[in-house]
Amino acid sequence: MTVSTLPDLPALAEFERVFLPNIEEDKTETLEEYLKVGGYEAVKIALAKKPEEITEIIKDSGLRGRGGAGFPTGMKWSFLPKGAHPRYLTINADESEPGTCKDRPLMEQRPHTLIEGIICSCIAIESEKAFIYIRGEYYKSAKVMQDAVDEAYAAGILGDNVMGSGKRVDVVVHRGAGAYICGEETALLTSLEGYRGYPKLKPPFPAIKGLYDKPTIINNVETIVSVGWILKKGADWFKKFTHERSTGQRLLCVSGHVKKPGVYELPMTLTLREIIYDVCGGMRNDHDLKFIIPGGSSVPWVLPEHLDATWSMEGLAAVGSSLGSAGMMVMDHTVCPVWALANLSAFYRHESCGQCTPCREGSAWLQKIVMRIERGEGEEGDLETLRAIAGTGPNTGMICGKSICALGDAAAWPVSSALNCFWDDFEEHIKTKGCKYKNKRYWMQDDRFVNETYEHKPSWGHH
Amino acid sequence: MADQSVHPALKPGDEEIKLVINGKEVVGKKGETIISVAAREDYYIPHYCWHPALSVAGNCRLCLVEIHLPNPRNDNKLAPLPKPAIACQTPITEGMHVFTDSQLAKECQEGMMEFLLVNHPLDCPICDRGGECMLQRYSMEYGTPHTRMRDPKRKYLKPEADPLIDIERNRCIMCTRCVRFCDEVAGEHVMGVFARGSDNYIGTFGQGPVANILSGNVIDLCPVGCLTSKPFRFKARVWELLQTQSTSIWDASGSKVTHWTRNGRLYRTTPPSRKYHGVYTVNEDTEEFIDNITRFGSDFPSHENRWDESRVKFGENLLPAAFTEAVRRVATGLKKVADEHGPDSLAILVSPRSSMEEGYLAQKLARDVIGTENIDWRVSFQTAEAAEAAAQAFQHANGDLEDGFDAVVVLNGDYLHSVPAFAMRLKEHARLTGKPIVQIGHHHDAFLAPHSKYKFHCAPGSTAKALQLLSKGVGGDTSVVSELAKIFSTESSRVEALITLLKGVEGRGLVLQSLEDLNGLLLPNEVPAALAFVGALGGGWKYIPTLRDRNAFGLHAVGAQPKADAEGKSVNARQLADAIEDGTIKGLLVLGADALHHSPDRERLLASLGKLDFYAVSDLFDSDYTRIADVYLAAASHLEKDGTFCDVEGNLARLASTEGLVGGARPEWEMLTGIATIMGSDNFAYETVEDVFKEMMSVIAPDFKGTFKKLLLAGPRNDNSIKDPGGARTHTKDYNPGDYRTDGAHFRWTGEPVAIDDQTAAPRSVPESGFDGFLLTWGEHVQGDDYHLNHASIVELLQKAPYVELNPVDAVKLGAETGDRGTLDINGESYEVELKVCEGPAPGVVYLPAGLGGIKLSGLTDTQAVKLEVVKSNALAEAGAGNTA
Amino acid sequence: MRESNAVGYLDDKHEEIEALCAKYPSRRSALLPVLWMVQNKLGWVPQDAMKEVGDIIGVTAAEVYEVVSFYTMFQQKPTGKYHLGVCHTLACAICGAFEAIDYIKEKAGINHGRISDDGRFSIEELECIGACAEAPAMLVGETLHGNLTPASIDKILASCK
């Protein structure tokens with residue numbers, strides 16, 4: 001299964017896994033099973049507190065959003081305008097960032113922990129209605145969540161009298177239909193409202209004017225699950241494992257060329273080296289490590305020289321990258337960085353919503369150039385053009401900081417990062433009109449993105 | 001600025017905000033965006049997606065500006081925002097410093113311009129937008145001269161979606177103005193953005209047309225060459241054309257237009273062009289939108305049947321003659337009839353599209369020279385009684401949309417297809433301000449329906465009764481509630497809510513009445529009822545009657561109809577055929593043959609003309625009405641003459657000649673001057689039409705302050721256009737919003753409201769219930785049969801196929817849905833129509849736009865029961881077919 | 001295309017749709033779920049169904065088409081009985097996704113276009129489907145299969161009767 005056991009590391013001696021403990025022995029998919037292991041205790045705790053007390057506990061715990069931006073959750077909640085009702089809680093389960101696959105096991109294997117967290121959060125923000133927006137590809141997650149919600153309604157845990165408290169919490173499970181952009185919080189809202197998933201112009205921010213123009217809090221699945229555990233076990237428990245301002249446990253998804261890819265529940269105190277070589281058992285076939293994309297495809301790449309960086313928000317920021325959504329892709333020396341970038345650029349081109357100029361045109365242009373270089377048709381000046389478009393860091397270049405949402409930046413960062421890390425490889429591709437990596441996949445030669453006519457869908461996929 | 005209590009840009013009560021733009025201290029009001037304030041202060045910020053009439057999309061990113069804000073945590077020292085912000089959406093804040101031309105702002109502009117051109121085909125030499133393309137302009141002003149694009153460009157298929165609008169998606173920059181216009185202003189989301197990311201494109205569902213009377217405006221709204229005019233395609237370059245500011249002769253809303261001509265030929269008609277960077281062009285920021293008939297139908301004078309030489313009958317033949325000779329023949333012909341049978345044996349009929357000057361001179365000829373009251377323009381009504389009611393309505397008209405409204409009561413009618421631009425402005429005001437629209441009657445306007453707070457349907461003929469009861473209701477009589485609830489088939493609580501709403505209006509209220517409804521059959525009791533209702537509502541309430549006829553109000557104002565006390569003693573337009581038949585009228589002068597064509601019983605009228613001793617007509621075309629004349633006077637068309645028109649709101653606008661006269665055609669004011677002079681009057685010594693205007697205004701509006709020249713200047717109602725550095729290229733003049741208002745002109749009635757008695761208000765007889773069919777209601781449709789439109793070059797694309805509106809309740813009973821076909825039986829004749837299910841007609845009522853597909857409704861004297869049968873086809877499958885490219 | 005005079009695609013779902021609409025503060029929110037109903041029933045979303053959905057939700061067909069064409073999981077062309085969605089984004093790509101795609105096409109008999117000759121399978125390359133730790137991965141209908149190998153692909157295809 002994707003949920004993987006941890007090795008006996010001294011650093012993890014006192015670490016307690018709660019999100020996804022040993023799944024094989026500890027099945028908690030049904031309400032009955034979950035109640036046996038102390039399920040919904042957090043709701044009782046929350047019901048006994050005032051809303052602002054809960055928010056204070058969450059603030060105290062240092063919990064930061066697990067979706068990628070890492071915004072402090074308690075602070076986000078406190079932005080809600082006083083007395084404005086109705087207000088909505090929206091759970092972002094549109095986990096689409098390449099390399100990230102943590103919310104799926106959370107929902108599929110312990111759906112009630114999410115419902116528990118939702119009820120606690122609704123009490124804290126005084127909302128009576130929550131929406132879980134699950135990406136369309138997660139058929140099973142949606143089904144399991146819907147079943148769990150139905151169970152919770154039947155048991156009086158959800159509905160107009162939450163566990164006999166007289167409080168009302170409704171939960172609606174809503175499915176997306178295949179759009180990465182809907183993971184962007186305001187795009188998620190427009191999608192939930194039944195429109196094309198276009199990000200909204202900000203300000204106003206969702207906490208002021210969100211879903212159906214009402215104050216709305218949007219939190220990631222893992223964030224909301226954490227809320228329940230923090231209430232159960234206390235803020236101090238959550239802060240036990242802390243690196244700088246990164247507190248508590250996180251689900252790490254490791255994919256790519258390691259021996260044991262998987263989803264690991266870890267404190268943010270280990271180094272990248274410990275994660276790859278101890279937690280994940282080292283590189284596949286004992287190959288050399290080429291580079292790591294540590295936080296989902298959008299974040300800057302990390303080279304082996306930074307392996308001793310701490311796997312935390314601050315630790316990765318110190319080496320110029322980001323923890324993002326904690327989806328770590330590990331590449332060994334067989335991977336051509338130009339090819340890898342072409343793959344990611346194609347992804348962003350495909351997933352740009354097309355609403356604003358820089359992202360729509362920029363993501364496609366970047367992809368065209370990168371793919372051309374990959375094909376061995378690069379020309380002198382291409383790298384300078386890539387640099388000019390993608391920039392050299394935050395808010396530089398022609399896209400970053402100029403688009404409606406962060407997808408534009410996300411499309412540009414891998415390019416600028418790849419150029420930073422592997423300029424020589426790119427130059428070599430252009431000079432030699434070819435690629436030295438032996439196991440390169442040649443699929444990109446069937447130039448699917450260029451020079452087609454588009455009447456219907458898309459230039460991606462087969463027709 | 002120090003001593004000013006209120007900044008000129010603000011109104012009292014606005015919250016003032018001080019900010020700095022490019023180093024200059026400026027003032028704005030709270031809630032304004034940077035782009036609006038900057039425009040007012042002469043700082044032009046480039047933009048594509050932003051448009052003053054549309055919602056903010058914020059997608060082109062061209063208006064990114066650099067912003068520095070005072071930081072309260074650092075002693076209010078200025079700190080730059082980490083990212084540039086879009087000026088179109090960012091509200092101004094106190095102490096904000098905006099830089100529209102800083103290094104960062106310029107980089108953003110250059111970057112966006114490069115992006116927008118990355119996939120652009122750069123086919124300017126074959127693009128019709130050339131010369132007025134914002135992509136061209138901004139490239140020069142804000143772009144870079146080079147491109148780094150080396151890859152193949154994106155290419156789209158070219159759909160044949162709309163017969164009038166050409167879509168070239170490769171040139172599209174996805175600003176979505178067209179989509180937002182259709183959705184927000186034109187009222188239906190028929191255009192959309194399809195697919196995703198860099199492959200997205202604009203279009204219509206199933207390549208269908210943008211079927212809307214306002215659709216042509218997307219052509220002007222498009223800042224690039226994506227949406228262009230099909231009729232204008234490849235015909236001319238815009239800079240080769242002469243522009244003339246004029247006014248529409250189609251839309252009684254009073255739309256201002258620019259005619260674009262060359263060598264005497266009209267190439268296109270657009271909303272008023274305005275100066276942009278020294279060049280007059282269709283400014284893509286214009287908020288003036290025009291209907292498609294005005295836009296595409298104004299070229300009818302070039303029709304091949306044009307007779308531009310006057311003709312005189314010799315024996316059986318109508319032969320070309322000099323203008324002076326023709327005028328002499330008319331004068332002597334009229335004089336002969338008057339001498340033989342008396343002055344009241346003569347009648348003058350004026351086209352409802354005549355100018356006010358023409359109407360003024362015609363009535364002066366009739367009254368002062370001939371000595372008769374037999375003058376009229378009200379040709380389109382079903383009965384003489386209706387024409388009289390219309391005169392009463394115009395006599396009491398006193399409302400306009402200039403300052404908006406706090407509530408509006410809309411009575412029976414299809415306003416969008418009668419006065420399109422007026423209906424659009426009304427809806428926009430309601431949509432943007434949330435002010436309530438209340439619709440009352442047997443036929444509601446489907447276009448206004450989505451924005452109508454209350455909709456009360458009643459049976460045909462009951463509107464007057466309902467208004468009478470409502471008048472009592474707002475006066476405090478609560479006993480009427482239950483009866484009203486019965487008439488409206490609704491709960492008492494809704495009626496009470498309506499009365500509360502109407503009573504609660506403290507500012508401006510409007511009552512709208514379409515004189516088109518049933519072509520006036522019900523007006524004799526509905527007009528007095530509406531006027532009494534306005535009176536009962538009290539001070540802030542005003543009344544606007546609407547009629548499709550462009551210059552109805554102007555002609556009424558100059559007295560081109562029998563005086564009220566002469567009605568009945570004189571012959572009006574609706575009595576003309578009878579009067580000719582029985583020999584009362586022996587001589588007839590018609591100014592504009594459309595006056596005859598628009599008569600509901602035009603066949604009878606046409607047949608009767610042969611009985612006249614003398615029949616003279618001025619017109620443009622060789623037609624049934626002109627071929628039989630004793631004298632044909634070749635008239636100058638709306639493109640060739642000057643004159644003044646008045647719209648439904650009482651605003652004056654000047655029709656202006658584009659390139660002068662054609663052939664031997666002359667404007668009617670010259671004809672009338674000549675006829676009167678030859679008939680012996682010395683009171684017609686006019687040198688120019690301006691002389692006529694001056695005399696006319698001194699008679700009908702002694703306090704009028706404007707001038708004829710100034711009326712030429714057309715412009716938007718709320719001029720927040722971007723200012724420009726100057727340097728005109730064409731003969732177009734600048735516009736001053738105050739110039740064309742008719743302040744001082746007594747076109748607006750200010751007296752006491754009329755009373756209405758129970759007998760007048762009593763419901764008209766309607767067919768017994770239990771009949772097998774629907775009650776018919778109808779009105780003229782701007783896209784229907786029209787004498788002038790029939791001569792337009794693309795008439796077949798402008799006239800709509802016949803359809804009927806049907807209430808959803810009835811649609812369910814019939815199993816019908818929009819798009820199905822049906823047959824409509826009226827008086828034994830069967831017509832094939834398309835069905836449109838909407839909330840317009842009341843249950844049990846069908847609405848037929850008259851004139852579509854040649855459906856005539858002559859001889860109807862009361863509400864008719866008609867049969868409608870559905871020919872069920874699979875509309876869904878049809879819509880799906882042909883979509884797969 | 002439907003036979004003429006055929007009933008609507010969703011005629012048997014009106015109660016379900018109304019219940020769905022009631023869950024949201026705005027009727028329009030039910031648009032995606034209703035489109036899913038159509039796709040679950042037909043395997044794709046034909047254009048006449050878009051018009052029907054628009055009438056039910058109260059929006060124009062153009063608005064429905066805007067939405068359908070935005071979300072890539074809504075199929076605008078018929079699919080095979082089993083629709084295979086194979087992930088090709090980086091995490092799967094570096095673990096052999098393209099080899100897997102080639103292998104699946106060969107074994108499923110998809111020689112040209114996206115539907116197999118016998119109509120049983122259709123294939124689509126998907127962007128990241130959130131199974132990175134089990135790369136390469138694919139969706140067969142609604143079921144996720146990870147850690148694809150030639151042997152497991154054989155087994156999966158064989159089970160698709």
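No experiment lies behind these values; they were computed from the predicted model shown. (Residues numbered from 1 in each chain as written. Chains lettered and ligands numbered in written order. Predicted model: local features only at pLDDT ≥ 70, side-chain atom pairs only at ≥ 80, totals over all residues.)

Undergrad: Just checking my understanding: could you explain the overall build of chain C for this structure?
TA: When helices and strands are counted, chain C shows 7 helices and 4 strands. Secondary structure elements in chain C, listed N-terminal to C-terminal, are α-α-α-α-β-α-α-β-β-β-α. By principal-axis analysis of the C-alpha atoms, chain C measures approximately 45 × 35 × 25 Å. Taking contacts inside chain C between residues at least 6 apart in sequence as the whole, the part at least 24 apart equals 57%. (Helix = DSSP H or I, 4+ residues; strand = E, 2+ residues; numbered from the N terminus. Contact = placed C-beta atoms within 7 Å.)

Undergrad: Explain the interface of chain A and chain C to me, please; I cannot follow it from the model alone.
TA: In many analyses, interface size is given as the accessible surface area lost on bringing the parts together. Facing the 53 residues of chain A at the interface are 42 residues of chain C. Of all the secondary-structure elements, those providing two or more residues to the side of chain A that touches chain C are α7 (139-154), β3 (170-175), β7 (249-256), β8 (262-267), β10 (327-332) and α13 (337-351) of chain A. In terms of residues, the side of chain A that touches chain C owes the most to one element, α13 of chain A, which gives 6 residues. Its residues assigned to classes, the side of chain A that touches chain C comprises 22 nonpolar, 20 polar and 11 charged. (Nonpolar A, V, L, I, M, F, W, Y, C, P; charged D, E, K, R; others polar.)

Undergrad: How do you make sense of the pairing of strand β1 (residues 16-21) of chain B when you look at a structure like this?
TA: The side chains of a regular strand alternate, first on one face of the sheet and then on the other. Residues and elements named next belong to chain B. Residues Ile-17, Leu-19 and Ile-21 of β1 are buried on one face, while the alternating residues Glu-16, Lys-18 and Val-20, pointing to the opposite face, are not. Hairpin connection from β1 to strand β2 (residues 24-29): 2 residues lie between these consecutive antiparallel strands, with Asn-22 at a positive phi of about 45°. Across 2 bridges, the pairing between β1 and strand β6 (residues 97-99) is parallel. In the sheet register, Val-20 faces β6, and the bridge partner there is His-97. (Buried ≥ 20, exposed ≤ 12 C-beta atoms within 10 Å, placed from the backbone. Pairing = 2+ DSSP bridges.)

Undergrad: I would appreciate a short explanation of the domain arrangement of chain B in the present structure.
TA: The domains assigned to chain B are domain 1 (16-114), domain 2 (123-142 + 153-302), domain 3 (311-385 + 556-689), domain 4 (388-546) and domain 5 (767-877). A separation of 24 Å is found between the C-alpha centroids of domain 4 of chain B and domain 5 of chain B. (Domains from an automatic or database assignment.)

Undergrad: What's the story with helix α9 (residues 221-233) of chain A in this structure? I'm lost.
TA: Note on helix geometry: an α-helix contains 3.6 residues per turn, so any two residues three or four positions apart are oriented the same way. Residues and elements named next belong to chain A. The terminal C-alpha atoms of α9 lie 19 Å apart, and with 13 residues this matches the ideal 18 Å at 1.5 Å per residue to within 8%. Along α9, 12 of the 13 residues are buried, which leaves the element largely enclosed by surrounding structure. Of the residues making up α9, those classed as buried are Val-221, Glu-222, Thr-223, Ile-224, Val-225, Ser-226, Val-227, Gly-228, Trp-229, Ile-230, Leu-231 and Lys-232. (Expected span 1.5 Å × (residues − 1).)

Undergrad: Help me understand the sheet that holds strand β21 (residues 407-411) of chain B, please; the structure alone is not making it clear to me.
TA: Within a sheet, adjacent strands bond to each other through the backbone by hydrogen bonds, running parallel or antiparallel. Residue and element names in this part refer to chain B. With parallel pairing, 5 strands are arranged side by side in an open sheet as β23-β22-β21-β24-β25. Two strands in the sheet have a free side with no partner beyond their single neighbour: β23 (452-457) and β25 (541-546). Ignoring which end each strand starts from, the neighbouring axes of this sheet average 15° apart. Here strand β22 (residues 437-441) pairs with β23 via 5 bridges, running parallel. Opposite Val-438, over in β23, you have Tyr-454 as the bridge partner. (Axes fitted to C-alpha atoms, helices over the stretch in contact; angles between N-to-C directions.)

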